[in-house]
2 protein chains.
Amino acid sequence: MVSTWVPDVSSDTPFSLANIPFGIISSPADPAPHAAIAIGVYALDLKLLSSHASFTDIFPVLKDHVGVFSKPTLNEFAALGRPVHREVRRAIQDLLSAETSHPEVLKDNAGLRETALLHRRTVKMHLPMSIGDYTDFYAGFHHAYAVGAMFRGPQTALQPNYTHLPVGYHGRSSSIVVSGTPITRPLGQIIIDPTAEPKQPTTAPTRRLDIELELGCFIATPNKMGSSIKVTDADDHIFGYVLLNDWSARDIQTWEYVPLGPFNGKNFATTISPWVVLADALEPFRTKGIDNWTPLQGYLNEGKEESVFDIELQIDLQTPQGDATTICTTSSKYLIWSFPQMIAHHSLGGCPMRTGDLLGSGTISGPSMREKGSFLELSEGGKKDIMLYGMDVRRFLKDGDTVIIRGTCGSPGARVGFGECLGRVLGAAPL
Amino acid sequence: MVSTWVPDVSSDTPFSLANIPFGIISSPADPAPHAAIAIGVYALDLKLLSSHASFTDIFPVLKDHVGVFSKPTLNEFAALGRPVHREVRRAIQDLLSAETSHPEVLKDNAGLRETALLHRRTVKMHLPMSIGDYTDFYAGFHHAYAVGAMFRGPQTALQPNYTHLPVGYHGRSSSIVVSGTPITRPLGQIIIDPTAEPKQPTTAPTRRLDIELELGCFIATPNKMGSSIKVTDADDHIFGYVLLNDWSARDIQTWEYVPLGPFNGKNFATTISPWVVLADALEPFRTKGIDNWTPLQGYLNEGKEESVFDIELQIDLQTPQGDATTICTTSSKYLIWSFPQMIAHHSLGGCPMRTGDLLGSGTISGPSMREKGSFLELSEGGKKDIMLYGMDVRRFLKDGDTVIIRGTCGSPGARVGFGECLGRVLGAAPL
Ligand SMILES: [Ca+2]
Ligand SMILES: [Ca+2]
Ligand SMILES: [Mg+2]
Ligand SMILES: [Mg+2]
Ligand code: NI
């Protein structure tokens, strides 16, 4: 990998020259949210960059879209399509590389460098996209199996439809927040005594506040209502990826979800990491997902094996006392359905995907107990303590706990990662 | 009721002076979508009206929002809150009444009258709101009971949670369309032989295309994430109501919906009527809903009985041959949960409601067989023919069928209604 002239880019940064993820920042100098990319400890302000006289020389594909990086979301850029994202990422990689063909623009331009290359400490991150619809799938095989076995036993752990189609449900887009946003413990109806009949709910703060470690995928280009996206074309409709924490209240969910699915148990908050890693940046990390032994319907047949990514994922829990424990390390390869398959299925009946729509993978867990992406699994249904540094334990989250998800691919000096997907739990509102 | 000077306002129009519903139109003279109200056979162009010199005299509450009716959706107007909607509706009623206090503005102003009072035949209707999130509830008691009894028998027809909380699920906002938009029959995975084990799906056009007659409710003003809307305050957060047809593919839904709820069986299309009937316009038609014998959690306790509306609802089916049959007449009073209860429950855990969010009531059916709001019920699970004019029959919808839902309140000369919620079924796309 070529190296960058940008200072302080450590070999361990998730934001190497091989990455170039896009986000929405605001800064003291420009408080209106606008586009940037991350490189090392810096954000490169693309709105400022696009004011440079040579901008359309360096980014000829943007010559009719010069204002695209001044918008408060990345939707307009995403809508330009994957070939444009590819060109723009390549041109930025060139601008930032030690042997750039345009040193005069940024590398040797102290004025622009000082205003446009902002330490990320000094910028505020915003939601990168305006999200019209959010769909959460259930493609994490080991999670679906473990949770199914917990509630129904190993023989019928997976529902009959599970290997035939990517099971998913519509989520709530209004409560998707960017990493760092505090999460208020939800109130809800819960059943204190599950053995009592008839069931008697109580309205109270959830006692089983959980997380779900997921990968999120943003849609770039739409399909027309009434037509579908072919599985072999679906990759072209993808903008990029983020880490996603699908906060879940297990006790609320258990009482409400039959027959129409999760509702208040999920819709109080979903956190995403702020930097969108472009689809192209993850291409080198393709791998085979979980083998599906069921003959697939034609519309789900990808005709290739390497359809998921091997991203090393990790969950850290930090207690109010400040002790941090890594409670899970796993990989995004443990999916039985790829995002192209999810997109092909979602649009099969003609449902329109729109620019900025977000798809969640479903909870990602590996086969071993160190690789579980939810407290529900880590505590075996709330029955076992999870051991933490500081002589503390958890079965579910306590007020003041902070959850940090990280994800990274590649080797030192050329890492492609997501940064943090972080949320701290606040006590419930008064009833 | 006072009368209007507007010509050709028949005593049977749903758009009497007592109504004044808001919508988004475009016209040959002004093809950019903008706001209007409906009166008799006319649409009054509010964008043109707001260009009149006296506009802020007549609508003092809009003096800082003169451009609000030039926007392509009603969201900005909705966000101004219910007291503003009330004042604006009253001022329009005055402008249009025979004894208007401002005859010079419209009644005696031939120039503006001719350009602003447009025959509705000549305008195109658009989606009235930008809909961030759409939630579909299940509050139609007789529907929930009938469908539950069909699948589980009468003893366990209602799930244990049904009378404790307004059951609902997140719907798909991208496929909500305005009345008149054609509906393509969806492809999906269906089980041709339900007795075979293991289950073997086939990818094919749905054979059980159905409708669900519902009332839709638009949110005017938001709550902050992490806080909830009290049931007694919820009416103030409501903008208005539309008729809603939740098109459903029963065979797709049956195979997919366990454990996470309806997905492709619902997300291909939802049709709404174009004119938003303001919350105030329905106030005179309040009535008591279905009695709930279960003691309610405090946050659902409204402290009043008349919390739903008695809207006469009707479904007409028109065959490709042109024969129309009224297959259902029912009332929106058959709800066991009111919209304020749905809003209080939806926001209990802190989920933010946003301006323009849409809530569906769930299918509305009455107790008798003439009052069923879905083919599933009308055909008793697809086992009985529904008799139609033209010697035709249906169990579910055929290609070329047109479904028209209508809803109206009040007596001749002062009717408050919705107009048509119409959709015609097109054949499935090739696989
Ligand atoms: Ca999830
Ligand atoms: Ca429905
Ligand atoms: Mg969540
Ligand atoms: Mg539908
Ligand atoms: Ni005056």
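Residues numbered from 1 in each chain as written. Chains lettered and ligands numbered in written order. Predicted model: local features only at pLDDT ≥ 70, side-chain atom pairs only at ≥ 80, totals over all residues. Heavy atoms only, no water.

K.L.:
I would appreciate a short explanation of unusual backbone geometry in the present structure.
P.N.:
Leaving glycine aside, a negative phi is the common case for residues, and trans is the common case for peptide bonds. Each neighbour pair has its own omega, and for E197 of chain A with P198 of chain A the value is -5°, a cis peptide bond. Take P198 of chain A: it is sitting in the loop between β10 (187-191) and β11 (201-205). In this structure, the amide linkage connecting V258 of chain B to the following residue, P259 of chain B, adopts the cis form with an omega of 10°. A positive phi angle is found at E380 of chain A, which is not glycine, with a value near 50°. Its place among the elements puts E380 of chain A in the loop between α10 (375-378) and β23 (386-388). Positioned with a positive phi, M391 of chain B is a non-glycine residue whose angle comes to about 60°. Following the sequence through the fold, M391 of chain B ends up in the loop between β23 (386-388) and β24 (392-394). Residue M391 of chain B is classed as exposed on the basis of its relative accessible area of 81%. (Helix = DSSP H or I, 4+ residues; strand = E, 2+ residues; numbered from the N terminus. Buried < 20%, exposed > 50% of the residue type's maximum accessible area, 1.4 Å probe, protein only.)

K.L.:
Explain the side chain of T203 of chain B here, please?
P.N.:
One can find T203 of chain B in strand β11 (residues 201-205). For T203 of chain B, the side chain forms a polar contact with the side chain of Q297 of chain A, separated by 2.6 Å. Aside from chain neighbours lying at most four places away, what touches T203 of chain B is Q297, Y299 and L348 of chain A together with G188, Q189 and L431 of chain B. (Polar contact = N/O pair within 3.5 Å; in protein donor to acceptor, adjacent residues only side chain to side chain. Contact = heavy atoms within 4.5 Å.)

K.L.:
Is there a simple way to think about the coordination of the magnesium ion (ligand 4) in this case?
P.N.:
Coordination angles at a metal have ideal targets, namely 109.5 degrees for four tetrahedral donors and 90 or 180 degrees for six octahedral donors. Residues and elements named next belong to chain B. Distances from the magnesium ion (ligand 4) to its protein donors, D246 (OD), W247 (O), K266 (O) and A269 (O), fall within 2.2 to 2.7 Å. Along the chain, the residues donating to the magnesium ion (ligand 4) are arranged with the sequence spacing D-W-x18-K-x2-A. Of this pair, W247 sits in the loop between β14 (238-245) and β15 (248-249) while K266 sits in the loop between α7 (250-256) and β16 (270-272); the two residues are 19 residues apart in sequence, bridging distant segments of the chain. We note that W247, like K266, is buried. (Donors = N, O, S within 2.8 Å, 3.2 Å for Na, K, Ca; no water.)

K.L.:
Please explain the interface of chain A and chain B as it appears in this structure.
P.N.:
By a widespread convention, an interface's size corresponds to the accessible area lost as its parts come together. Contact residues are listed per partner, giving 59 residues for chain A and 59 residues for chain B. Summing the contributions of chain A and of chain B, the shared interface buries around 5400 Å²; its carbon and sulfur component is 58%. The tally of links between chain A and chain B comes to four salt bridges. Put simply, R172 of chain A and D357 of chain B hold a salt bridge, and the shortest N to O gap is 2.6 Å. Applying the counting criterion to the chain A and chain B interface returns 37 residue pairs in polar contact (both at pLDDT 80 or more). Those elements giving two or more residues to the side of chain A that touches chain B turn out to be β6 (134-137), β7 (168-170), β10, β11, α7 (250-256) and α9 (339-346) of chain A. Grouping the amino acids of the side of chain A that touches chain B by side-chain chemistry returns 28 nonpolar, 25 polar and six charged. (Buried area = accessible area lost by both parts, 1.4 Å probe. Salt bridge = Lys/Arg side-chain N within 4 Å of Asp/Glu carboxyl O. Nonpolar A, V, L, I, M, F, W, Y, C, P; charged D, E, K, R; others polar.)

K.L.:
Whenever I open this one, the sheet that holds strand β20 (residues 312-318) of chain A confuses me. Can you help?
P.N.:
Sheets are built from strands paired through backbone hydrogen bonds, the pairs being either parallel or antiparallel. All names here are of chain A. Strand order in the open sheet made by the five strands is β9-β26-β25-β20-β21, with mixed pairing throughout. Only two strands of the sheet have a single neighbouring strand rather than two, namely β9 (183-184) and β21 (324-331). Sheet analysis places β9 next to strand β26 (residues 416-426), joined by two bridges and oriented parallel. Among the inter-strand pairings, I183 is bridged to a residue of β26, identified as V425. (Pairing = 2+ DSSP bridges.)

K.L.:
How should I be thinking about the pairing of strand β21 (residues 324-331) of chain B in this particular structure?
P.N.:
Looking along a regular strand, one sees side chains alternate from face to face of the sheet. All names here are of chain B. Across seven bridges, strand β20 (residues 312-318) lies against β21 in antiparallel orientation. By the bridge assignment for β21, Q318 is matched with A324. A loop of five residues connects β20 with β21, the two strands running antiparallel in sequence, and G322 in this loop sits at a positive phi of about 100°.

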